[in-house]
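Tertiary structure, described
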Amino acid sequence: MARPRKPLLSTDRIVQTARELVDREGLAAVSTRRLAAELGVSGPSLYNHFRTKDEILEAVADSVSGLVDLSMFEDGREWRTALHDWAVSYRAALRDHPNIVPVLARGPGRRPAALRLADAVYGAMVDAGWPPAQATSIGALMRYFIMGSALGSFAGGFVDDASAYDPADYPHLGQAHLLSEQQEKIDERAFETGLSALLDGLAQQYEQARESA
């Protein structure tokens, strides 16, 4: 009986395996030697697809950008609704793959999926009537907000030890030790609160610009 063949080494397989490794163990765990071991191949075979570890991490980052839904910019949704739905999808992708966020935070560079994302947001804002300079600012603003929300958990930053919050020193933090128990709920609510406030402000600017035009 013939032995089962190993799956062929491909760019997609390398990126998927590297992403799983980053998700499990963080960026520091990734090396060409470790990745080759995970794939069951020799190290040099990776160089047929990627020249360096940094190229692999860039590809992993772009694969996460590729998970972000962009359909809201193509199906006729009003610009504010589209921005909201896109922001939620973007944050969900980062929340599911938090360890790659520092690479994503460097900016799109030459990554195709990241550039398509930037192009979609900018194009939708211009099509909605925003001046190009303001459309650029909106894209930057949204990126700052979404990326910042994914860099760490507010609620998860508080220890669950009530003695850490002596009322003599912190009279308003008597319940802070409970925050970590509801980390996801609190962080999601904070994101939605900030997103709504941000979009409210943009909507006001948009109406003022239309009235003065």
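About the thresholds
- Residues numbered from 1 in each chain as written.
- Predicted model: local features only at pLDDT ≥ 70, side-chain atom pairs only at ≥ 80, totals over all residues.
- Heavy atoms only, no water.
- Helix = DSSP H or I, 4+ residues; strand = E, 2+ residues; numbered from the N terminus.
- Buried < 20%, exposed > 50% of the residue type's maximum accessible area, 1.4 Å probe, protein only.
- Contact = heavy atoms within 4.5 Å.
- Areas by Shrake-Rupley, 256 points an atom, 1.4 Å probe, with all protein chains shown as cover.
- UniProt positions renumbered as here; feature names shortened; annotations may be inferred.
- Core = buried A, V, L, I, M, F, W, Y, C linked by side-chain atoms within 4.5 Å.
- Arc of directions from axis to C-beta.
- Axes fitted to C-alpha atoms, helices over the stretch in contact; angles between N-to-C directions.
- Parallel < 35°, antiparallel > 145°, perpendicular 65-115°, else oblique.
- Left-handed = near helix turned anticlockwise from the far one by under 90°.
- Salt bridge = Lys/Arg side-chain N within 4 Å of Asp/Glu carboxyl O.

1. Quick look at the overall build of the protein chain
If you tally the helices and strands in the protein chain, you get eight helices and zero strands. When the helices and strands of the protein chain are placed in sequence order, the string is α-α-α-α-α-α-α-α. Structurally, the protein chain occupies a C-alpha span of about 70 × 55 × 30 Å along its principal axes. Looking at the 213 residues of the protein chain, the share that counts as buried comes to 34%. Within the protein chain, contacts between residues separated by at least 24 positions form 67% of all contacts whose residues are at least 6 apart in sequence. Within the structure as shown, the protein chain displays about 12600 Å² of accessible surface, and the carbon and sulfur contribution to it stands at 53%.

2. Side note on the UniProt feature "domain: HTH tetR-type" (unreviewed entry) in the protein chain
In this numbering, the UniProt entry assigns the feature "domain: HTH tetR-type" (unreviewed entry) to residues 8-68. The span residues 8-68 shows a helical share of 59% and a strand share of 0%, and its end C-alpha atoms are spaced 28 Å apart.

3. Regarding the nonpolar core
Phe73, Leu83, Trp86, Leu94, Met125 and Met142 are the most contacted members of the largest nonpolar core, which has 52 residues in total. Elements with a minimum of two residues in this core: helix 1 (11-25), helix 2 (32-39), helix 3 (53-65), helix 4 (79-96), helix 5 (101-104), helix 6 (112-127), helix 7 (132-150) and helix 8 (183-212). Counting residues per element, this core draws most heavily on helix 4, which supplies eight residues. Ignoring any residue separated from it by four or fewer positions in sequence, one finds leucine 83 in contact with Phe73, Val121, Met125, Ile138, Met142, Leu199 and Leu202.

4. So, helix 2
Here helix 2 has its buried residues at Leu35, Ala36 and Leu39. Seen from one end, helix 2 has its buried residues packed into an arc of 100°, which puts them on one side. Along helix 2, exposed side chains directed more than 90 degrees from the buried face belong to Arg33 and Ala37. For helix 2, the elements touching its buried residues are helix 1 and helix 3.

5. Remarks on the packing of helix 6 against helix 7
Their axes nearest at 9 Å, the elements helix 6 and helix 7 cross at an angle of 140°. Considered as vectors, helix 6 and helix 7 are oriented oblique to each other. In the packing of helix 6 onto helix 7, the handedness of the crossing is right-handed. In this structure, helix 6 uses Val121, Tyr122, Met125 and Val126 to contact helix 7, whose residues at the interface are Pro132, Ala135, Thr136, Ile138 and Gly139.

6. Description of the environment of leucine 173
Mapped onto the secondary structure, leucine 173 falls in the loop between helix 7 and helix 8. Residue classification places leucine 173 among the partly exposed residues on the basis of a relative accessible area of 31%. For the pair formed by leucine 173 and valine 15, sequence separation is 158 residues and the distance between their alpha carbons is 44 Å.

7. Looking at the environment of tyrosine 122
Along the polypeptide, tyrosine 122 turns up in helix 6. Separated by 10 residues in the primary sequence, tyrosine 122 and proline 132 place their C-alpha atoms 8.0 Å from one another. In contact with tyrosine 122, not counting residues within four places along its chain, are Pro132, Ala135 and Thr136.

8. Details of the pattern of salt bridges
In the structure shown here, the tally under the stated rule is 13 salt bridges. The shortest N-O distance in the salt bridge between glutamate 38 and arginine 24 comes to 3.4 Å. Linking glutamate 38 in helix 2 with arginine 24 in helix 1, this pair joins segments that are 14 residues apart in sequence. By relative accessible area, glutamate 38 is classed as partly exposed at 35%. For arginine 24, a relative accessible area of 49% puts it in the partly exposed group. Salt bridges linked by common partners bring Arg24, Glu25, Arg34 and Glu38 together as one network.

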